[in-house]
Amino acid sequence: RGRRRAVVYRDQAYSFEEIALSVNRVGNALLGLGIRMEQRVGILLPDCPEFYGAFLGAIKIGAVAVPFNTMLTTNDYRYFLQDSRAEALIVHENFYGTVSQILKECRHLKHVISVGQEQDGTIPFAAWTGAAAAELSPANTTPDDPAFWLYSSGSTGVPKGAVHLQHDMIYSADFVVPALGLTAADVIYSAPKLFFAYGLGNSLFLPFRIGATVVLEPDRPLPLTVFSVLHRYRPTVFFSVPTLLAAMLQVADADSRYDLTSLRFSGSAGETLPPAIYHEWRKRFGHEIVEIFGTTEILHTCLASPFGATRPGSAGVCIPGYEARIVDEN
């Protein structure tokens, strides 16, 4: 699949071969800094091609990739860096100002790599990876070695880092892809970002497992931005959340202003999808919303509405590979 289109970002296409090359270069560059197996690499990036190199490059050398939510505060990043004991941080220029003042406080942090405009005292990502070798053998990991952490939303206290293993993306993809009916012909756009478990599956390990194409949009998923992406790039699958879908339905004449006929279905997760939104969306845009349920700890989906037989107000049924039961507070 090397020459197949893997990612579309700001009208530029990247092949799977190009993504694989960036993974190898980042991995080699991290090794050059002395990063070793199981050491954490913090990632503070928008949805952009560099995310794939940083995330998969760290994993390929046996280090542990730790993506951070890009919409948080300086104090949050202080906690993440201290809690993860990240030895390196790969940070985009848009977020550097938020973390710059606390970097010296993080005693485990030894290297800061800046993506975009070079920041004082940091390693410039483009030159750093450009000088690295293009061939990289994967580390001698086992399926049960840690591969990446994903921080929870912190709804029951401070965010917890859910530890995912080397086999987790493969297992999750092999359960979820057939349950959602995804194929290599699909073009997938996810409004939830890559640092979320939901977005990571939508825009990385589900499409990459089958050779589908991802549309990346780094800006905040405001209704007009999302409509513009759907209209311009004509994805076949759109992943969203109910709050965004409700806001999009408030855009006047959206069904006549934007062409969404390329979509086979939209996916919704993160919160309960009200039946009224389901019915209004289907009426205006002509396709189903498939409600799915998962958690950061599960990694992606365990429940999903059967495609073609969705039931508004239901979180769906267990997909093969998972079991569920209803419990009370005891």
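Presented here is an overview of the structure given in this document. (Residues numbered from 1 in each chain as written. Predicted model: local features only at pLDDT ≥ 70, side-chain atom pairs only at ≥ 80, totals over all residues. Heavy atoms only, no water.)

Observations regarding the side chain of Thr122
- Note that Thr122 resides in the loop between strand S6 (111-115) and strand S7 (123-124).
- A relative accessible area of 10% places Thr122 in the buried class.
- Of the polar contacts made by the side chain of Thr122, one reaches the side chain of Ser114; its length is 2.7 Å.
- Apart from the residues lying within four places of it in its own chain, the contact partners of Thr122 are Tyr96, Val112 and Ser114. (Helix = DSSP H or I, 4+ residues; strand = E, 2+ residues; numbered from the N terminus. Buried < 20%, exposed > 50% of the residue type's maximum accessible area, 1.4 Å probe, protein only. Polar contact = N/O pair within 3.5 Å; in protein donor to acceptor, adjacent residues only side chain to side chain. Contact = heavy atoms within 4.5 Å.)

Looking at the pattern of salt bridges
- Evaluation of the coordinates by the stated rule reveals nine salt bridges.
- Ionic pairing is found between Arg78 and Glu105, a salt bridge with its closest N-O pair at 2.8 Å. Linking Arg78 in helix H3 (residues 74-84) with Glu105 in the loop between helix H4 (93-99) and S6, this pair joins segments that are 27 residues apart in sequence.
- For Arg78, a relative accessible area of 24% translates into the label partly exposed.
- Notably, a salt bridge pairs Glu87 with Lys110, separated by 3.0 Å at the nearest N-O pair. Taken together, the residues Glu87 in the loop between H3 and strand S5 (88-92) and Lys110 in the loop between H4 and S6 connect sequence positions 23 residues apart.
- Looking at Lys110, the relative accessible area reads 55%, which means it is exposed.
- Here the residues in one salt-bridge network are Arg10, Glu217 and Asp219, joined through shared partners. (Salt bridge = Lys/Arg side-chain N within 4 Å of Asp/Glu carboxyl O.)

Examining the nonpolar core
- If you look at the biggest cluster of nonpolar residues, it comprises 64 residues, and the most contacted ones within it are Phe55, Phe148, Leu204 and Phe208.
- The greatest single-element share of this core, amounting to eight residues, is contributed by helix H7 (residues 197-210).
- Setting aside its immediate chain neighbours within four residues, Phe55 contacts Ile43, Ala65, Pro67, Phe148, Met169, Leu200 and Leu204.
- Counting residues in each nonpolar core, the second largest holds 24 residues, with Val187, Leu230, Met248 and Phe285 among its members. (Core = buried A, V, L, I, M, F, W, Y, C linked by side-chain atoms within 4.5 Å.)

Remarks on the environment of Met248
- With respect to the helices, strands and loops of the structure, Met248 is situated in helix H9 (residues 242-249).
- Exposure remark for Met248: the relative accessible area of 0% places this residue in the buried category.
- Filtering out sequence-adjacent residues up to four positions away, Met248 remains in contact with Pro223, Val226, Phe227, Leu230, Phe238, Ala254 and Trp281.

Bear in mind that shape data such as this cannot, by itself, settle questions of function.
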